[in-house]
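Breakdown of the fold
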Amino acid sequence: MGTYDTTSKEFQKQIASTLARFFGVKPEDATKAQIYQAVCMVVRDLLTQTRVDFKKIVREKNEKQVYYMSMEFLLGRSLRNHIFNMGIQKEVEKAVVSLGFDMDEIYSFEPDAGLGNGGLGRLAAAYMDALTSQGYAASGFSIMYDYGIFKQVIVDGWQLEQPDEWLKMGSVWLNPRMEEIYEVKFGGTIEENWIDGKLKVSVKNPMTVLAVPYDVNVSGYDTPAVNRLRLWSSKAPMDFDMNMFSKGEYVKAMAAKAMAESISKILYPADDHFEGKSLRLKQQYFFVSASIQSILKRHLKTNPNLDNLSDCAAIHINDTHPTLCIPELMRILLDKYDYSWEQAWEITTATVSYTNHTVMAEALETWPQSLFESLLPRIYQIVNEINQRFCKELWAFYPNNWDKVSSNAILSHTQVKMANLCLATSHTINGVSKLHSEILKDDVFNDYYRMHPEKFTNVTNGITHRRWVCQSNPLLSNYISDLIGDKWIKDADNLKELLKFKGDKNVLENLAKIKLKNKEILANFISKTNGIKIDPNSIFDVQVKRLHEYKRQLLNAIHILDLYYRIKENPNIDIEPHTFIFGAKAASAYYMAKQIIRLIYMIGQVVNNDPDVKDRIKVVFLENYRVTLAEMIMPASEVSEQISLAGKEASGTGNMKFMINGAVTIGTMDGANVEIHEEVGEENIFLFGLLAEEVQQLYAQGYNPTQFYNDNYSLKRVIDNMRGGIGGFSFSEVADSLTFGNCGKADSYMVCADFQSYKDAQEKLVCAYRDKERWNRMSLVNIAKAGFFAADRSVLEYASRIWEIKPIV
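Report on the accompanying structure. (Residues numbered from 1 in each chain as written. Predicted model: local features only at pLDDT ≥ 70, side-chain atom pairs only at ≥ 80, totals over all residues. Heavy atoms only, no water.)

1. Overview of the overall build of the chain
The cut-off we apply is this: Secondary structure counts use DSSP, requiring at least four H or I residues in a row for a helix and at least two E residues in a row for a strand, with both numbered from the N terminus. The globule rule used here is 2.2 Å times the number of residues to the 0.38 power, and the radius of gyration it is set against is calculated over C-alpha atoms. In this scheme, a residue with accessible area under 20% of its type's maximum is buried, one over 50% is exposed, and one in between is partly exposed, where area comes from a 1.4 Å probe on protein chains only.
Tallying secondary structure elements over the chain gives 36 helices and 23 strands in all. Whereas a compact globule of 809 residues would reach a radius of gyration of roughly 28 Å, the chain reaches 27 Å, a difference of no more than 12%. Once the C-alpha set of the chain is aligned to its principal axes, its extents read approximately 90 × 75 × 60 Å. Among the 809 residues that make up the chain, the fraction classed as buried is 60%.

2. Concerning the sheet that holds strand 13 (residues 366-368)
The cut-off we apply is this: DSSP-based pairing: two strands are paired if at least 2 bridges between them are found.
Pairing within the open sheet is antiparallel, and its three strands lie in the order 13-15-14. Each end of this open sheet is capped by a strand with a single partner; those strands are strand 13 and strand 14 (411-412). Inspection of the sheet shows strand 13 paired to strand 15 (residues 415-417) by three bridges, in the antiparallel sense. Counterpart to Trp367 in the pairing with strand 15 is Val416.

3. Quick look at a positive patch on the surface
As a reminder, the rule being used: Each patch is assembled from residues with relative accessible area greater than 30% and no salt bridge, linking like charges that lie within 9 Å and nonpolar side chains (Val, Leu, Ile, Met, Phe, Trp, Tyr) that lie within 5 Å. With residues, only the protein chains shown are counted as cover, and all accessible areas are computed by Shrake-Rupley using a 1.4 Å probe. Any carboxyl oxygen of Asp or Glu that lies within 4 Å of a side-chain nitrogen of Lys or Arg is treated as forming a salt bridge with it. Note on charges: Lys and Arg go in the positive column, Asp and Glu in the negative column, and His and the chain ends are not counted at all. For charged residues, the charge sits on one atom: NZ in Lys, CZ in Arg, CG in Asp, CD in Glu.
Side chains of Lys55, Lys56, Arg59, Lys297 and Lys301 sit close together on the surface and give a patch of like positive charge. Taken together, the elements giving at least two residues each to the positive patch come down to helix 2 (32-61) and helix 11 (274-302). Take the positive patch: its biggest share by element is three residues, from helix 2. Assignment of secondary structure puts Arg59 in helix 2.

4. Side note on the nonpolar core
Here is the rule: Side-chain atoms within 4.5 Å are what join buried Ala, Val, Leu, Ile, Met, Phe, Trp, Tyr and Cys residues into a set we call a nonpolar core.
One finds Phe286, Phe372 and Met722 to be the most contacted residues of the largest nonpolar core, which totals 191 residues. Counting 55 residues, the second largest nonpolar core, distinct from the first, contains Tyr221, Cys470, Leu511 and Leu780.

5. Focus on the packing of helix 13 (residues 325-336) against helix 16 (residues 377-397)
Stated formally: The axes are straight lines fitted to the C-alpha atoms, using for helices just the contacting stretch, and the angles between their N-to-C directions are given from 0 to 180°. Small angles under 35 degrees read as roughly parallel and large ones over 145 as roughly antiparallel, with 65 to 115 read as roughly perpendicular and the rest as oblique. Note on contacts: a residue pair qualifies if any of its non-hydrogen atoms lie within 4.5 Å across the two residues. Only Asp, Glu, Lys and Arg are considered charged in this grouping, and only Ala, Val, Leu, Ile, Met, Phe, Trp, Tyr, Cys and Pro are considered nonpolar; every other residue, Gly among them, is considered polar.
At a minimum axis distance of 9 Å, the contact between helix 13 and helix 16 shows a crossing angle of 100°. In this view, helix 13 runs roughly perpendicular relative to helix 16, as classed from their interaxial angle. Where helix 13 abuts helix 16, its residues Pro327, Glu328, Met330, Arg331, Leu334 and Asp335 lie against Arg378, Ile379, Ile382 and Val383. Its residues placed into classes, the contact of helix 13 with helix 16 shows six nonpolar, no polar and four charged.

Have a look at this one:
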């Protein structure tokens, strides 16, 4: 592709040189780990040089760029992604083989970067990839977590969390930038003085933490652009207190270091206690404060002041976690650069935009006012002033309506509401699917939407199709290119050309063969890791995503138990062989989610070992779900479970990854499922369940799940048996959550209400699967219509309609 022209021999020489320089060994004496690190170093250095060249172009053109703020960037492994994007994969692999090493083994040394958890972080990573691929100047900002979220281990069905030591092998991609360390300050007391007729505010005796930056190169496909993801690591100004140490108080001497470094230890520390809440708030302010300082420093290198910041920078808030960048930008403009409130507000509101990712009340972050004020006293002052002015605007629009003002205020009922701060300040607010954006306007943010409808828009999520097909499913990728050429790699919309093969039996059979080969690969992996033998000819029915009750893994589990009890009732029943595959992490403090994981595991223990089942059903729970595991699962999947309660899933992106790999969706009309349905048509998706408006009506009427429980024999049998015990463990708490009480107390996500509809849809799915030609045609249509869901399309919409940026190259 030009930018990275190299031969395998040249790359081999660079590997040998790197081995000698950093490890003091020749290639024939190197370990596999050393080869892995040397290859990564060579690739990193090539990208860094291109990054230098790209930065020069960016400076010369002085075009506006975007700064993407996110608590998560779920990158997965980087080596294969980089060399694919750079167009040197064959050369690198040949060089490694020439040195006597197996490239797959070298790839396997790389851990998934521990910088994210689920869809939010994967989306952020996808957008950085897509922005770079299309030549935009963009920077991501986050925290360099020492241990990421956690490594999940399943012991007797129970999730245990272990440290994810990803930096041992993952740190090779980090470029330290010690010249750009910033101070971030917590606590202290406010001091106000009038100087030359201006109020000067300062904070005395704060606790100072150093933010140390590490840059990760972000490559794009077939482009001279290389962007960066900047990660902040927290350090104490001094490693230890020598005075304390001299007195023999050794632990206290290290206390400041431990306190400072705890900020960047793990992603999403448990917040079901005060210390956890305090640490999360520190994390959020730490990374946005350092990031804003960095952005402003860069701006002032090429501009005399900050008056034109919004012409040069678009700061984007990815969900509410980075919201504090708003008052932090105001603080610096007011306190450091002496802007008036009105000037600072104008600059800030013209610069910041916000993506909402949830309609779940608990995910719309709030902080106790007392905690917020004690940790961030100056930031609290600024938020308080924003709130007072915002409340005046609310009162003017909703006169004499205290309820409206209170519910939309930023400070209300001793809580600081981050989403409301985003609404009041951002110039644009977007949802991430058509349905989600409508729910924001009609329900969640309706009061504010009525005040400022012009601020709201939609940008449906997208995925990095090159990663999820070209890299994860090379058999399919190569076959698509054989059929329609390779333009689809650059522009996924070209996948539509596959539709002309809908009636071609040979093409459909070849797609089925590719799917079977991928299923065999996954079956072998499951045999090695889980010790479960599964039939590659069975239906691979897959639900992999974060474990949350609204995503309704429980509905899936109940249906499996129903199938099992039907077999026990009639061992000769005709059931199409099924392999049900799950993967999910539960938040460490989320007890019910952990119970559901245990339930799924125990169902597997029972079903997989019952001779009556005769291998017609297998249930597999794959522990430690992550990007690398998904890259193996997606190509092998045939059924994509997208079964959240309608109106609860903002978008989803797993549904898009399954789709582009030829899986057929069974799902509710929720999130991006609505748009998948629009793309593929009624005949190429299996829909079930209540619609979002029907859910709201049922809530309003007073939803009573016991009615469904009593009226449905299959459902009642499953729930009763959960109380009695599955695999020797009672799941009475899970069962009770479905049946006791009314709306808000039992079955909050309407599993009982949607069970029969889901069961019926599963039976329709089996009928379609048995007609192989029909199923293969459905699979082809899903692949062909997946182009709309490419991240390339999403970032083009953000760039043109929200950020107003242009490609640099």
